[in-house]
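Secondary and tertiary structure notes
Chain by chain, the residues run as shown.
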Amino acid sequence: MASKKFEPTNPAVKWVEDRLPIMNLVYGTLGAGYDAPRNLNYWWNFGSLAGFMLVVQILTGVILAMHYTPHVDMAFNSVEHIMRDVNYGHILRYVHANGASMFFVIVYIHILRGFYFGSYKSPREILWFLGIIIFLIMMATGFMGYVLPWGQMSFWGAKVITNLFSVFDDLLGTDGAIVRLLWGGFAVDNPTLNRFYSLHFLLPFVLAGVVILHIWALHIPGSTNPLGIDAKGPQDKLPFHPYYSAKDLFGLGVFIMIFGAFVFYVPNILGHPDNYIMANPMSTPAHIVPEWYYLPFYAILRSVESKLFGVLAMFGSILILFALPWLDVSKVRSLRFRPLSRFFFWIFVVNGIFLGWLGQASLEMEVFMGLTVFDFGQISTAYYFAYFLVILPWVSRKETPLPLPTSIAQHILDKNAPKEEV
Amino acid sequence: MTAKVQDNNQDEEVTRRNFIYVATGAVGAVGAIQVVWPLVDQMNPSADVLAVSSLEVDLSAIVEGQTSKFLFRGSPVFVRHRTADEIARAEKEDNDDLKDPEKDSDRVQKKQWLVMSGVCTHLGCIPLDQQGDFGGWFCPCHGSHYDISGRIRKGPAPTNLPVPKYVFLNDNTIKIG
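A quick note: this is a predicted structure, and the numbers were derived from the prediction, not measured.

**Quick word on the overall build of chain A**
A count of helical and extended segments in chain A gives 17 helices and four strands. Since a compact globule built from 422 residues should have a radius of gyration of about 22 Å, the 24 Å found for chain A is in line with a globular shape. Expressed as lengths along the three principal axes of its C-alpha atoms, the size of chain A is roughly 75 × 60 × 45 Å. Scored against the burial criterion, the 422 residues of chain A give a buried share of 51%. A sequence separation of at least 24 residues applies to 78% of the contacts in chain A between residues at least 6 apart. About 20,600 Å² of surface is accessible on chain A, with carbon and sulfur atoms providing 71% of the total. For chain A, the separation between the mean place of its 27 positive charges and that of its 26 negative charges on side chains is 9 Å.

Structure representation (structure tokens):
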């Protein structure tokens with residue numbers, strides 16, 4: 001989507017623009033130069049919210065790094081030092097810790113927006129891939145960040161997750177060499193903490209780089225829209241600024257209120273109390289759970305009673321997203337016009353939330369009619385994969401979509417037309 | 001047309017320039033590997049980590065029916081003083097349907113002393129002592145059950161709890177590592 005060119009009137013700005021057209025870049029991506037479809041709803045707010053959270057995390061993270069000590073003997077106490085002694089330290093840490101949760105909520109909604117409105121379909125496949133890469137980097141960054149306070153959950157979470165890679169040792173017969181390489185020792189210890197700290201600092205900037213690629217790829221075809229049909233001419237579009245900058249800003253205001261409610265009223269509700277106990281390599285907490293945003297994937301891991309296939313299923317559950325543009329063969333992007341697909345999509349969402357619940361429950365616990373958490377985990381995992389491998393390919397071939405509107409503008413005119421009086 | 005024919009001729013003939021291309025590429029590739037290797041290998045355990053290598057355990061303090069845990073290379077090692085009853089059970093279960101078949105006699109040097117890693121072979125948690133369906137160890141993280149010989153019997157763990165290298169210095173002392 002070609003954007004309009006920035007034409008500065010101020011001679012000083014023009015002087016700079018002639019040498020480095022950076023204002024034009026911003027103008028064309030986030031300014032009045034970018035024409036977006038005129039029918040974007042609030043589900044399109046989550047991209048800019050995610051960008052906002054990345055900035056918040058980098059800002060608070062860099063500050064926390066000034067007060068934190070990455071050493072097994074001192075890390076835990078340095079976090080307590082931040083909480084008790086550093087001016088505004090407790091707020092900065094709570095913003096950072098809850099910020100990670102908020103970032104994931106936003107990104108999950110953003111991904112599901114993509115599912116629902118077919119944002120992964122041609123010609124936006126690369127845009128979709130970049131999004132999955134961002135998600136993977138986020139997961140790695142979030143995991144390593146959770147290790148840094150060196151509490152019990154930090155330590156045992158690190159141990160369990162790094163041990164996932166021992167399946168490759170089992171496969172290659174390398175007798176733990178890969179896991180020792182990751183740890184820098186014979187167990188999760190000081191070298192592990194140090195490298196996690198280094199990478200936790202680095203990865204957000206890599207993430208920011210991929211975000212720039214993501215936005216670049218977005219601006220080639222431009223945004224999708226709730227109808228899923230291409231915006232054809234100026235009658236279908238609106239300049240991003242002021243229309244969507246204002247709309248996004250309103251959404252941001254609402255979001256900050258929710259974020260603030262967590263930070264100021266229930267800052268620990270999304271964390272685990274055991275992480276306020278210092279890491280102890282001699283004692284595993286009775287009940288290990290990862291951060292809530294990994295729970296669905298953790299549930300998939302636990303549902304397979306084979307170490308190798310459990311780990312493969314867990315990684316596969318995310319990597320399968322790369323194939324999504326080819327698993328769903330329907331030409332119609334938006335599920336508004338695909339009732340059957342929409343039905344299975346909402347089951348997928350509910351199933352995903354249920355997997356999250358299963359991920360934190362005890363495996364032996366009975367849920368319903370004698371079936372345990374483990375049994376339901378298997379059923380839910382089966383649906384998760386069936387949605388991608390069976391349901392989508394099949395339904396997208398068989399389903400007859402509802403008639404599509406001829407254009408975005410026409411759809412809006414039809415919707416707003418006065419009802420004829422009899 | 002003529003130009004294309006000439007191109008084809010050039011492709012077939014190995015020139016001095018082709019040789020330089022391949023040679024430069026080969027030297028570059030070897031050089032790149034030499035640069036990458038230190039960048040990867042620095043992640044492996046360092047010399048001081050490797051130097052912490054052995055641990056002596058006084059067995060006289062462990063009474064019959066008790067398991068003691070010792071920290072060895074950052075992970076726990078279990079030392080259990082088994083009862084006669086437990087030894088009999090471990091040997092009897094040699095013939096059971098084992099996921100990772102191993103005889104109890106291959107896992108111990110002296111029958112009453114079971115020395116093994118206290119790290120679950122699934123994902124690295126510490127199994128709980130004297131729990132689970134087989135009267136041995138039970139890992140609370142993902143539900144692996146081990147028997148009184150530390151063999152995996154049920155759950156996601158793929159192998160038995162490994163036995164580290166150790167020697168009896170005398171009847172009451174072992175040296176692990």
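That shown, we press on.
**Observations regarding the state of the cysteines**
Residue and element names in this part refer to chain B. In this structure the tally under the stated criterion is one disulfide over all chains. Paired through a disulfide, Cys125 and Cys141 show a sulfur-sulfur distance of 2.1 Å. Across the S-S bond linking Cys125 and Cys141, the dihedral sits near -100 degrees, which makes this disulfide left-handed. Taken together, the residues span a long stretch of sequence, with Cys125 in the loop between β4 (113–117) and β5 (128–131) and Cys141 in the loop between β6 (135–139) and β7 (144–147) at a distance of 16 residues. Assessed through its relative accessible area of 1%, Cys125 is described here as buried. A residue is classified by how much of its surface remains accessible, and Cys141, at 5% relative accessible area, is buried. With no disulfide of its own, Cys139 has Cys120 as its nearest cysteine by sulfur position, at a separation of 3.8 Å.

**Let's talk about the interface of chain B and chain A**
By a widespread convention, an interface's size corresponds to the accessible area lost as its parts come together. Taken together, the contacts link 28 residues of chain B with 31 residues of chain A. In this assembly, chain B packs against chain A so that about 2,400 Å² is buried in total across both faces, 65% of it on carbon and sulfur atoms. On the chain B side of the contact with chain A, B:Met43, B:Leu123 and B:His142 bury the most area, a combined 25% of that side's loss. Counting the contacts that link chain B with chain A gives seven residue pairs in polar contact (both at pLDDT 80 or more).

**Examining the domain arrangement of chain A**
Residue and element names in this part refer to chain A. We note that the domain assignment places domain 1 (28–288) and domain 2 (294–412) within chain A. The gap between the C-alpha centroids of domain 1 and domain 2 is 22 Å. With 47 residues of domain 1 at the contact, the number on the domain 2 side is 44 residues. Taken over both partners, the interface formed by domain 1 and domain 2 buries close to 3,800 Å², and the fraction arising from carbon and sulfur atoms is 72%. Ranking the residues of domain 1 by area buried against domain 2 places Phe115, Tyr116 and Leu227 at the top, with a combined share of 20%. Taken together, the links from domain 1 to domain 2 amount to three salt bridges. With a closest N to O distance of 3.2 Å, Asp230 and Arg333 form a salt bridge. Inspection of the region where domain 1 meets domain 2 yields 17 residue pairs in polar contact (both at pLDDT 80 or more).

**Here's the deal with the sheet that holds β6(B)**
All names here are of chain B. Taken together, four strands build an open sheet; the order of strands is β5-β6-β7-β8 and the sheet is antiparallel. Edge positions in the open sheet fall to β5 and β8 (152–154), since each of these has one partner strand only. Direction aside, neighbouring strands of the sheet carry axes that sit 40 degrees apart on average. Alignment of β5 against β6, held across three bridges, turns out to be antiparallel. Bridge pairing in β6 places Asp129 opposite Trp137.

**Section: the pattern of salt bridges**
All names here are of chain B. Throughout the structure, instances matching the rule amount to 18 salt bridges over all chains. When the shortest N-O distance is used, the salt bridge between Asp147 and Arg153 registers 2.8 Å. By the burial criterion, Asp147 is buried, and Arg153 matches it. Via salt bridges that share partners, Glu93, Asp94, Asp96, Asp147, Arg151 and Arg153 belong to a single interconnected network.

**Comments concerning the domain arrangement of chain B**
Domain parsing of chain B yields domain 1 (1–44) and domain 2 (50–176). The C-alpha centroid of domain 2 of chain B is placed 54 Å from the C-alpha centroid of domain 1 of chain B.

**Brief notes about the confidence of the model for chain B**
Low pLDDT marks stretches whose predicted atomic positions should not be read closely. Residue and element names in this part refer to chain B. Looking at chain B, the pLDDT average stands at 87 and 94% of residues meet or exceed 70. Mean pLDDT values over the elements of chain B span from 54, in helix α1 (residues 2–12), up to 94, in helix α2 (residues 16–41). The complex model carries a pTM of 0.88, and its ipTM stands at 0.75.

**Overview of the nonpolar core**
One finds A:Phe115, A:Phe135, A:Trp150, A:Tyr387 and A:Phe388 to be the most contacted residues of the largest nonpolar core, which totals 124 residues. Per-element accounting of this core gives the leading share, 13 residues, to helix α6 (residues 125–147) of chain A. Filtering out sequence-adjacent residues up to four positions away, A:Phe115 remains in contact with A:Tyr120, A:Trp128, A:Leu321, A:Leu324, A:Leu335, A:Phe345, A:Phe348, A:Tyr387 and A:Phe388. Counting residues in hydrophobic clusters, the runner-up holds twelve residues, among them B:Ile62, B:Val79, B:Phe168 and B:Ile174.

**Some remarks on the environment of B:Gly74**
With respect to the helices and strands, the residue B:Gly74 is situated in the loop between β2 (67–72) and β3 (75–81). Taking relative accessible area as the criterion, B:Gly74 reaches 17% and is therefore assigned buried. Not counting residues within four places of it along the chain, the set of residues in contact with B:Gly74 comprises A:Ala187, A:Asp189 and A:Pro281.

**A short note on the sheet that holds β3(B)**
All names here are of chain B. Here we have three strands laid out as an open sheet, ordered β2-β3-β4, and antiparallel in their pairing. The open sheet is flanked by β2 and β4, the only strands paired with a single partner. Across the sheet, the axes of successive neighbouring strands diverge by a mean angle of 20 degrees, strand direction being ignored. Across six bridges, the pairing between β2 and β3 is antiparallel. When the sheet's bridge partners are listed, Phe70 is paired in β3 with Val77.

**Observations concerning the packing of aromatic side chains**
For any pair of aromatic rings, the description rests on two quantities: the centre-to-centre distance and the angle between the ring planes. All names here are of chain A. Within the structure shown, the criterion is met by 47 aromatic pairs over all chains. Centroid distance Phe115 to Phe388: 6.0 Å. Interplanar angle 75 degrees. Geometry classified as edge-to-face. With a gap of 273 residues between them, Phe115 in helix α5 (residues 89–116) and Phe388 in helix α16 (residues 373–398) connect regions that are remote in the sequence. Take Phe115 and Phe388: they sit in the same class, and that class is buried. With 6.1 Å between their ring centres and 55 degrees between their planes, Tyr116 and Trp346 make a pair best called tilted. Of this pair, Tyr116 sits in helix α5 while Trp346 is found in helix α15 (residues 339–360), placing the two residues 230 residues apart along the sequence. Its relative accessible area of 14% is what places Tyr116 among the buried residues. Its relative accessible area of 46% is what places Trp346 among the partly exposed residues.

Definitions and cut-offs
- Residues numbered from 1 in each chain as written.
- Chains lettered and ligands numbered in written order.
- Predicted model: local features only at pLDDT ≥ 70, side-chain atom pairs only at ≥ 80, totals over all residues.
- Heavy atoms only, no water.
- Helix = DSSP H or I, 4+ residues; strand = E, 2+ residues; numbered from the N terminus.
- Rg over C-alpha atoms; globule rule 2.2 N^0.38 Å.
- Buried < 20%, exposed > 50% of the residue type's maximum accessible area, 1.4 Å probe, protein only.
- Contact = heavy atoms within 4.5 Å.
- Areas by Shrake-Rupley, 256 points an atom, 1.4 Å probe, with all protein chains shown as cover.
- Lys, Arg positive; Asp, Glu negative; His and termini not counted.
- Charge placed at Lys NZ, Arg CZ, Asp CG, Glu CD.
- Disulfide = S-S within 2.5 Å.
- Buried area = accessible area lost by both parts, 1.4 Å probe.
- Polar contact = N/O pair within 3.5 Å; in protein donor to acceptor, adjacent residues only side chain to side chain.
- Domains from an automatic or database assignment.
- Salt bridge = Lys/Arg side-chain N within 4 Å of Asp/Glu carboxyl O.
- Pairing = 2+ DSSP bridges.
- Axes fitted to C-alpha atoms, helices over the stretch in contact; angles between N-to-C directions.
- pLDDT = per-residue confidence, 0-100.
- Core = buried A, V, L, I, M, F, W, Y, C linked by side-chain atoms within 4.5 Å.
- Phe/Tyr/Trp six-rings, centres within 6.5 Å; stacked < 30°, edge-to-face > 60°.

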